[in-house]
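Structural overview for review
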Amino acid sequence: MTDDRPGAVLVLTNSLDATADVVLHILAERRVPVVRVDPGVDLYNGASLTTRYGTGGQRGALATPTRALDLRHVRSVWWRRPTAYSGPLELDGQDAKFAGSQMFWGVGGILASLPHAHYVNHPWQIRNGEYKPAQLAAALRAGFLVPETVITMDPAEARQFCTEQPAVYKPLWNTPYRDADDRAQQVWVREVNPTDITDAVSTCPHLFQARVEKSFDVRLTAVGARLFAARITSPELDWRRRQDLLSYEPISVPDAVAASVAGYLTDMGLVFGAFDFAVTADGAWYFLECNPNGQWAWLPSALSDPIALALADQLEKGPTA
Amino acid sequence: MTFTEPPWGTTRMGPFVTAEPVPAYTAVIDPETQVAIYIDEQGRRVEMGAHGTSTNTSTPTTTGQGDGQSGQQNQPSDIDSMPANDQDQGTG
């Protein structure tokens, strides 16, 4: 028997996700039913999740302290920032690891396999899209301009690349890192002096990229077919470093770039993507990266409000979006 | 060959520009809207404003921090990297 009731929007995120709240306010105003859950935390604090598979097909129920959800009627899933699974806090060692793994493969698998739901984005596509080498490969397929890039564990290769052209180093993944004073550290993009490169490059892969002679940066947020591009003017090479000193203005997207964005999203199976570009004085847009779960609420409200509305539209429309 | 040196990439690390202490909040989910209501250490409700987040760097609403893993920080966050620092899990 089919059921045409429009289902709820399932929002997976931690309770301190201020970005999610911006969109949830809009959905509440539109009276779209929403179920918010942080499964790695809530399932140890009163929530429950059970699914069944068999001759009756697939069914299941999620109950949170404030909501009950029939998993056959999920209109869309907004995969934001759920807490990483770790098992109950009371456990440690291999028991915690067992529980955490069962949560990851079990709960994560259930929530990634809801029938007919519109995923923004699907978690496995997010994961695929987070690999920098996969991003570069997809960017080339999509026809973007991509800065010359090398990924290597060979110090000689790294040194040669950085001698041939001005280059920067970017990590392939961000891990929490603290200095001797326990202050949080991050790799900031700045030029590499080839003489600074040591044999410690052989410890793991390192990504070096030609430094683009850019006149400004662009953050392009794609929500389905809608593109929201902001020109960012920054005193620093890495604009993330001094976000208090940035200025933003909307910028129109060249047709060729828009076509490549659409191709990239289709190729990677994404509905949402936060693209970064470096734009040269003669108007060439160089693809730097696409974060499939990037942030956007830090932009000034004139730029972020339309993104919030577009996301609310996607989630409200569900599979028809 | 031995690998006793830290990876070269770690020599490119630097601190964040602003590292002001931020207050610890807890969040309660509004049963009606499912929006988070933030409570400070004194039990007072914190207004996040109509926009939800601030672009001021005195709060970690900025983009690009790989550090503040979601669910483990104590401030409403808008970090740009996935909390998937456990490579066994990633986005799951």
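Just so it is clear, the structure is predicted and the values come from calculations on it, not from any experiment.

**Quick word on the overall build of chain B**
A count of helices and strands for chain B gives zero helices and four strands. Secondary structure elements in chain B, listed N-terminal to C-terminal, are β-β-β-β. Considering chain B as a whole, with its 92 residues, one finds that 41% of them fall into the buried category. In chain B, the share of contacts with a sequence separation of at least 24, taken over all contacts with a separation of at least 6, comes to 22%.

**Quick look at the sheet that holds strand S14 (residues 226-233) of chain A**
Residues and elements named next belong to chain A. The strand order across the open sheet formed by five strands is S15-S14-S13-S16-S17, and the pairing between neighbours is antiparallel. Edge positions in the sheet fall to strand S15 (247-250) and strand S17 (285-291), since each has one partner strand and no second. Pairs of neighbouring strands in the sheet enclose a mean axial angle of 25°, with direction left out of account. Across nine bridges, the pairing between strand S13 (residues 214-223) and strand S16 (residues 272-280) is antiparallel.

**Regarding the sheet that holds strand S1 (residues 8-12) of chain A**
All names here are of chain A. Spatial strand order, S2-S1-S6-S7: four strands in an open sheet with parallel pairing. The sheet terminates laterally at strand S2 (34-37) and strand S7 (118-120), the two strands that pair on one side only. For this sheet, the mean angle separating the axes of adjacent strands, direction not counted, is 15°. Pairing of strand S6 (residues 74-79) with S7, which is carried by three bridges, proceeds in the parallel orientation. Within S7, the position partnered with Ser76 by the bridge is His118.

**Here we look at the nonpolar core**
With 77 residues, the main nonpolar core has Leu10(A), Val11(A), Val77(A), Phe277(A) and Leu311(A) as its most contacted residues. Split by domain, the residues of this core number at least three in each of domain 1 (8-120) and domain 2 (127-132 + 213-292) of chain A. Val11(A) has contacts with Ala20(A), Leu24(A), Val34(A), Val35(A), Arg36(A), Trp78(A), Arg80(A) and Gln34(B), leaving out every residue within four places of it along the chain. Core analysis: the second largest hydrophobic core is formed by 14 residues, Ala158(A), Trp188(A), Ile197(A) and Phe208(A) among them.

**Structural notes on the environment of Leu207(A)**
Residues and elements named next belong to chain A. One can find Leu207 in strand S12 (residues 206-210). Look at Leu207 and you get partly exposed, because 18 C-beta atoms sit within 10 Å. Sequence-distant contacts of Leu207, that is, excluding residues within four places in its chain, are made with Lys132, Thr149, Ile151, Tyr169, Lys170 and Leu172.

**Some thoughts on the packing of helix H5 (residues 132-142) of chain A against helix H7 (residues 255-268) of chain A**
When two helices pack together, their arrangement is given by the angle between the helix axes and by the axis-to-axis distance. Residues and elements named next belong to chain A. Two elements in contact, H5 and H7, have axes whose closest approach is 9 Å; the angle formed by their N-to-C orientations is 130°. Considered as vectors, H5 and H7 are oriented oblique to each other. The handedness of the crossing between H5 and H7 comes out as right-handed. Residues Ala138, Ala139, Arg141 and Ala142 of H5 form the contact with H7, whose participating residues are Ser260, Gly263, Tyr264, Asp267 and Met268. A per-class count over the contact of H5 with H7 returns five nonpolar, two polar and two charged.

**Observations regarding unusual backbone geometry**
With an omega of -15°, the peptide bond running from Val120(A) to Asn121(A) counts as cis. Within the secondary structure, Asn121(A) is located in the loop between S7 and helix H4 (123-129). Of note, Arg31(A) is a non-glycine position whose phi angle comes to about 60°, a positive value. By secondary structure assignment, the location of Arg31(A) is in the loop between helix H1 (18-29) and S2. The phi dihedral of Gln34(B) falls on the positive side, at around 70°, and the residue is not glycine. Tracing the sequence through the fold places Gln34(B) in the loop between strand S2 (26-29) and strand S3 (36-39). Take Gln34(B): there are 24 C-beta atoms within 10 Å of it, and that puts it in the buried class.

**Concerning the UniProt feature "domain: MvdD-like pre-ATP grasp" (unreviewed entry) in chain A**
Residues given the UniProt feature "domain: MvdD-like pre-ATP grasp" (unreviewed entry) here are residues 9-127 of chain A. Measuring from the first to the last C-alpha atom of residues 9-127 of chain A gives 21 Å, for a span that is 34% helix and 29% strand.

**Structural notes on the environment of Arg31(A)**
Since 7 C-beta atoms lie within 10 Å of it, Arg31(A) is described here as exposed. Distance from Arg31(A) to Glu316(A), taken between C-alpha atoms, is 9.8 Å for residues 285 residues apart in sequence.

**As for the packing of H1(A) against helix H8 (residues 301-317) of chain A**
Residues and elements named next belong to chain A. Contact pair H1 / H8: the axes reach a minimum separation of 9 Å and the direction vectors enclose 60°. In terms of their interaxial angle, H1 and H8 are classed as oblique. You can see that H1 and H8 cross each other, and the crossing is right-handed. Across the interface between the two elements, Val22, Val23, Ile26 and Leu27 of H1 pack against Ala308, Leu309, Leu311, Ala312, Leu315 and Glu316 of H8. Its residues assigned to classes, the contact of H1 with H8 comprises nine nonpolar, no polar and one charged.

The rules behind these values
- Residues numbered from 1 in each chain as written.
- Chains lettered and ligands numbered in written order.
- Predicted model: local features only at pLDDT ≥ 70, side-chain atom pairs only at ≥ 80, totals over all residues.
- Helix = DSSP H or I, 4+ residues; strand = E, 2+ residues; numbered from the N terminus.
- Buried ≥ 20, exposed ≤ 12 C-beta atoms within 10 Å, placed from the backbone.
- Contact = placed C-beta atoms within 7 Å.
- Pairing = 2+ DSSP bridges.
- Axes fitted to C-alpha atoms, helices over the stretch in contact; angles between N-to-C directions.
- Core = buried A, V, L, I, M, F, W, Y, C linked by C-beta atoms within 7 Å.
- Domains from an automatic or database assignment.
- Parallel < 35°, antiparallel > 145°, perpendicular 65-115°, else oblique.
- Left-handed = near helix turned anticlockwise from the far one by under 90°.
- Nonpolar A, V, L, I, M, F, W, Y, C, P; charged D, E, K, R; others polar.
- UniProt positions renumbered as here; feature names shortened; annotations may be inferred.

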